[in-house]
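# Analysis of the macromolecular model
Listed below are the residues making up each chain.
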Protein chains: 2
Amino acid sequence: MDKIRVGIAGYGNLGKGVERALRQNDDMTLVAVFSRRDPSQVDVEDKQVKVVKMDDVTSYQDDIDVMILCGGSASDLPKQAPQLAQIFNTVDSYDNHAKIPEYFETVDASSKEAGTTSIISIGWDPGFFSLNRLLGEATLPEGNTYTFWGKGLSQGHSDAVRRVEGVKAGVQYTLPLEEAVNQVRSGENPTLEKKDMHRRECYVVPEEGANKEEIEHKIKTMPHYFADYETTVHFITEEELKREHSAMPHGGFVIRSGKTGEGTNQLMEYSLKLGSNPEFTSSVLVAYARAAYRLNKQGDIGAKTMFDIAPGLLSPKSPAELRKELL
Amino acid sequence: MDKIRVGIAGYGNLGKGVERALRQNDDMTLVAVFSRRDPSQVDVEDKQVKVVKMDDVTSYQDDIDVMILCGGSASDLPKQAPQLAQIFNTVDSYDNHAKIPEYFETVDASSKEAGTTSIISIGWDPGFFSLNRLLGEATLPEGNTYTFWGKGLSQGHSDAVRRVEGVKAGVQYTLPLEEAVNQVRSGENPTLEKKDMHRRECYVVPEEGANKEEIEHKIKTMPHYFADYETTVHFITEEELKREHSAMPHGGFVIRSGKTGEGTNQLMEYSLKLGSNPEFTSSVLVAYARAAYRLNKQGDIGAKTMFDIAPGLLSPKSPAELRKELL
């Protein structure tokens, strides 16, 4: 069997995760990693893998079946995705929810023009969480959908903590509020805003001589980020931060609580408990790379989201095997 | 907007559930219920709805966009599905796992010949549980999948209990063994058989003067059904059985426990807690009826399973709405 030839564009946590995930999938092979950095500075795990300057990506048009875009959503993807979709089938994890419609249109125009297939916003949220919001709503039209995040490291809130005067380093975890979770699981269908569903925990390394009370006060009263939330601040040492808070766990759950017939309660729940957020997202990207390749073979071009992809396309198994083994 | 015109073939618990679910979906309308019984004996909830003898189904070819098949998997569906697929787009909940491949082939031949679209084995297992087994395996190729059922009423095991001498009436619930669940959720990846994952609880109404000890012994030692399982037998009155055990709750969960990178634990879990098993299955059937209609409009004919259906086809919302609201 010919293997699906994959390229990685961008080699941060996500790119490294894709390299690792590809090793778990026998029907795919990694052709090259593309980076804007000097190739000698890009430390890929498998030293057999070629590292190429992003400027030379065009010359790989015939060697790569799917390019997995591992850049960030803020500035990399909006630029790279429409460009690379002109040359390759692509998969990305664009996660700026508010701008997805606009992003979709741009990538769609580009890939339709080139005859490529581009799957956008793949991962878990957007991604499997979105899928479960859709399945819940379509199956139980009378009901409510609740998305809880955590326990997980939030990059944006960690940055906010680190900007506070007197803070040397720190991280922030988002956690679901158990009371809210129990209320939802019981079928009560409460009206809840994000702040009623989550609490925040900060682990802070103070600068030497900094006023801890002041730091704690500044964090807890920070508008938008913390003021509306139940927030806890723990002061720790730099060693402890390194030792206990270097992993990037995340997770959460999507619950659809609905009624059928004469008020019968029905509850659908999807949950993830991830040891590494980027490694999981990478694994999802790789499964959808298989789908992008197959769709393009079928002549199904343009931009797609998880909503447009038949799940069978994600598996290396044939439709007949899937019916026999997994249905 | 023209509504999708739906027919129901077979009016038991599932057919009644479909009638109720259709009322929650504004883009669909129920045209008629078809039954092998005398129409005057079929007690549909909405008295406006026509009840028609199954023998006259052919004359409705132009009036129905999708026929939802609500017969049983043992004898109804293997006969009805290939026949009705000659005339209509169909959706069914065929759930005899071992025979699905053969059933698929028969229905596929029939619907391809007629140019119809037939979605088979829809519900939650086979159905959403199968979908999550596939997503788990495709995303985390190195790992194990565990399916737990319950707490739920098992029809087959309840029948077995009722066949025991001295038993007047009774029901059996399957329950997940909490110890096994916790082991799996902890990421231990244990090797477990069905009997290591579940226990069984029986609620039995004894005949007057029957020997309870003997009944309990006969149940607990019954091969295949109970002998291998942790089984509890409770004796209750007929009134209690009616009052406490008339609902048809069910549920369970599918867990994929896998590893990424250098042994990072990743856990995906999908769970259902259903107040009524047939009403939930009916709701899933109705969502997939929408997909059957749309696929046929696109010229995508033949038999399909949940693995072949892009999730977006289940929602009444447009792809652009879905991207904006749910992704």
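Computed from a predicted structure; not experimentally measured.

### Focus on the interface of chain B and chain A
Much of the literature gives interface size as the accessible area that the parts lose upon coming together. Counting from both sides, the interface comprises 63 residues of chain B and, opposite them, 63 residues of chain A. For the pair chain B and chain A, the two sides together bury roughly 5600 Å², of which 60% comes from carbon and sulfur. Together, Gln24, Arg323 and Leu327 of chain B form the three largest contributors to the area buried by chain B at its contact with chain A, with a combined 15%. The interface formed by chain B and chain A contains four salt bridges.

### Let's talk about the UniProt feature "domain: Meso-diaminopimelate D-dehydrogenase C-terminal" (unreviewed entry) in chain A
In the numbering used here, UniProt assigns the "domain: Meso-diaminopimelate D-dehydrogenase C-terminal" (unreviewed entry) feature to residues 123-276 of chain A. Note that residues 123-276 of chain A is 31% helix and 36% strand, and that its end C-alpha atoms are spaced 13 Å apart.

### A closer look at the environment of Gly251 of chain B
Residues and elements named next belong to chain B. The residue Gly251 is located in strand E12 (residues 250-260) in this model. Residues Gly251 and Tyr173, 78 residues apart in the sequence, show an inter-C-alpha distance of 11 Å. Sequence-distant contacts of Gly251, that is, excluding residues within four places in its chain, are made with Trp124, Phe148, Trp149, Gly150, Lys151 and Leu272.

### With respect to the relation of the copies chain B and chain A
Relative to chain A, chain B is turned by 180° and slid 0.0 Å along the rotation axis, the superposed coordinates differing by an RMSD of 0.0 Å. Here the copies are linked by what is in effect a two-fold axis. The overlap is high: 100% of the interface residues of chain B also sit at the interface in chain A, so the same surface is used on both sides.

### Some remarks on the pattern of salt bridges
Residue and element names in this part refer to chain A. Evaluated as defined, the whole model comprises 44 salt bridges over all chains. Two residues, Lys112 and Asp108, come together in a salt bridge whose shortest N-O distance is 3.0 Å. On the criterion of helical spacing, the pair formed by Lys112 and Asp108 is a turn pair, its members being four residues apart in helix H3 (residues 100-114). Overall, the relative accessible area of 10% leaves Asp108 in the buried class.

### Considerations on helix H3 (residues 100-114) of chain B
Relative to the 21 Å expected for 15 residues at 1.5 Å per residue, H3 of chain B spans 21 Å between its end C-alpha atoms, a close match to the ideal helical length. For H3 of chain B, every residue scored as buried is listed here: Ile100, Tyr103, Phe104, Val107, Asp108, Ser110 and Ser111 of chain B. Check the buried side of H3 of chain B and you find it contacts helix H11 (319-325) of chain A together with helix H2 (76-84), strand E5 (89-92), strand E6 (117-119) and strand E14 (302-304) of chain B.

Definitions and cut-offs
- Residues numbered from 1 in each chain as written.
- Chains lettered and ligands numbered in written order.
- Predicted model: local features only at pLDDT ≥ 70, side-chain atom pairs only at ≥ 80, totals over all residues.
- Heavy atoms only, no water.
- Contact = heavy atoms within 4.5 Å.
- Buried area = accessible area lost by both parts, 1.4 Å probe.
- Salt bridge = Lys/Arg side-chain N within 4 Å of Asp/Glu carboxyl O.
- UniProt positions renumbered as here; feature names shortened; annotations may be inferred.
- Helix = DSSP H or I, 4+ residues; strand = E, 2+ residues; numbered from the N terminus.
- Least-squares fit on C-alpha atoms with pLDDT ≥ 70 in both.
- Buried < 20%, exposed > 50% of the residue type's maximum accessible area, 1.4 Å probe, protein only.
- Expected span 1.5 Å × (residues − 1).

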